[in-house]
Amino acid sequence: MTTRQPTSPDLMERLDAGPVICAEGYLFELERRGYLQAGPYVPEVVLEHPDLVRQLHREFVHAGSDVVEAFTYYAHREKLTVIGKEQGVERLNRDALAIASEVADESGALLAGNVCNTNIWNPDSARSRTAAREMFEEQVEWAVDADVDFVIGETFEWVGEAMAALETIKAAGKHAVITFSIVPPGTLFDANPVEGCRRLADAGADVVGFNCSYGPGTMLPLVEAVRENVSCHVAALPVPYRTTDEHPSFFSFRDPNRDDLPDGNPFPAALDSYACDRLEMASFARRVHDMDVRYIGVCCGAGPHHIRSIAEVLGRTPPARRYSPDMSKHASLGTDPIVTEVSRRYAD
Ligand SMILES: [Zn+2]
């Protein structure tokens, strides 16, 4: 049992004062680096390479994330059962929380616990609803034991499931950030997204909104609609991919001209060519912040470069700002007098 002091200022004080930046996307980034398997997407890396998880937390905080989110996404009982390692669920959660806690404490960032979609939620089955609730209860209990500052419940597609997570988090006495993952073409399974957020807000969620699935272009109008319909803080954490009305989610891109993709679907291994750059993500952050959306981040596909640009556009000076681009001293494009003439000659 830890005796961690609560981070000050806390989440709500920070949100009342201005934006809070939250880096997500640990599954994708560690998959890309070769330490996590796409498909099952279970964060066994927490046990196998804790140093890499710690380092990625540090990179995101260095880039400007105000939140260290414990890597317990899909570290729940259902997922561990799928890979035949259910008995390891508690250790994985407690280790992930301890790693995140270490980085939060050394940096002053907020420590967040995390629960997510259980993949077993069936509104018509009392047994499934109870089992999902028990999964939330054990994960939230472990998070509370780690003295998290708040708990994130994310990527819910059912309002009913999100409500169960919210109730569990609030019963444990923690602030709750609850975000839905939109199901193309723009809905949740049991409500429309705005109605879903309103129900969470009415039930006491501290922050409501969206993460994952939708890119900045398609998430923006939904975020705007939610901002107009709830009085609590609003969250927007898109995936950094160029989604469109035709392809609103990163699940729904199709490229019929490629014969190396199953069904022409680039998810998840061939999304690179759809990626948003850091300036596009900063532009999204500025636009939602202008609407008074204050909990801002990036989900699957996020890199520290996205987070730094978002931090900078929101007026922050994260440690990584020291290395932000300065083209004045570029070898051939530089304008600084010290750049040699002979080098500059090739600029054109
Ligand atoms: Zn995601």
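Fair warning: this is a prediction, and the values are worked out from it, not measured in the lab.

Chemist: Residue-level account of the nonpolar core, with values.
Modeler: With 108 residues, the main nonpolar core has Ala100, Ala112, Val151, Val208, Val234 and Ala236 as its most contacted residues. Looking at which element gives the most residues to this core, the answer is helix 6 (residues 89–107), with 8 residues. Apart from residues no more than four positions distant in its own chain, Ala236 is found in contact with Gly209, Phe210, Met219, Val223, Val288, Val293 and Ile296.

Chemist: A description of the packing of helix 11 (residues 278–290) against helix 12 (residues 304–313) should follow, citing residues and the corresponding values.
Modeler: Taken N-terminus to C-terminus, the directions of helix 11 and helix 12 make an angle of 40°; their axes are 8 Å apart at the nearest point. As far as their axial angle goes, helix 12 and helix 11 are oblique. You can see that helix 11 and helix 12 cross each other, and the crossing is right-handed. Within the contact between the two elements, helix 11 uses Arg278, Leu279, Met281, Ala282, Ala285 and Arg286 and helix 12 uses His305, His306, Ser309, Ile310, Glu312 and Val313.

Chemist: Explain helix 8 (residues 159–171) residue by residue, including any values.
Modeler: For helix 8, spanning 13 residues, the distance from its first C-alpha to its last is 18 Å, which sits close to the expected 18 Å at 1.5 Å a residue. All buried positions along helix 8 are accounted for by Val159, Glu161, Ala162, Ala164, Ala165, Leu166, Thr168 and Ile169. Along its buried surface, helix 8 packs onto strand 3 (110–116), helix 7 (126–145), strand 4 (150–156), strand 5 (175–180) and helix 9 (193–202). Looking at the residues trailing helix 8, positive phi occurs at Gly173, about 80°.

Chemist: Help me get a handle on helix 9, residues and values and all.
Modeler: Those residues of helix 9 that fall on the buried side of the exposure criterion are Pro193, Gly196, Cys197, Leu200 and Ala201. All buried residues of helix 9 lie within an arc of 135° about the axis, which places them on one face of the element. On the buried face of helix 9, the contacting elements are helix 8, strand 5, strand 6 (207–211) and helix 10 (216–229). After helix 9 finishes, the residue Gly204 shows a positive phi value of roughly 105°.

Chemist: Provide a residue-level description of unusual backbone geometry, including the pertinent values.
Modeler: The bulk of non-glycine residues show a negative phi, and the bulk of peptide bonds are trans. Across the junction of Ser8 and Pro9, the peptide omega takes the value -5°, indicating a cis bond. Looking at the element boundaries, Pro9 is found in the segment before helix 1 (11–17). Put simply, Pro184 and Pro185 share a cis peptide bond, and its omega is 5°. Of note, the phi angle at Thr155 is positive, near 50°, even though the residue is not glycine. If you trace the backbone, Thr155 turns up in strand 4. On the basis of neighbour counts, which here come to 23 C-beta atoms within 10 Å, the residue Thr155 falls in the buried class.

About the criteria used
Residues numbered from 1 in each chain as written. Predicted model: local features only at pLDDT ≥ 70, side-chain atom pairs only at ≥ 80, totals over all residues. Core = buried A, V, L, I, M, F, W, Y, C linked by C-beta atoms within 7 Å. Buried ≥ 20, exposed ≤ 12 C-beta atoms within 10 Å, placed from the backbone. Helix = DSSP H or I, 4+ residues; strand = E, 2+ residues; numbered from the N terminus. Contact = placed C-beta atoms within 7 Å. Axes fitted to C-alpha atoms, helices over the stretch in contact; angles between N-to-C directions. Parallel < 35°, antiparallel > 145°, perpendicular 65-115°, else oblique. Left-handed = near helix turned anticlockwise from the far one by under 90°. Expected span 1.5 Å × (residues − 1). Arc of directions from axis to C-beta.

Keep in mind these values describe shape, not function.
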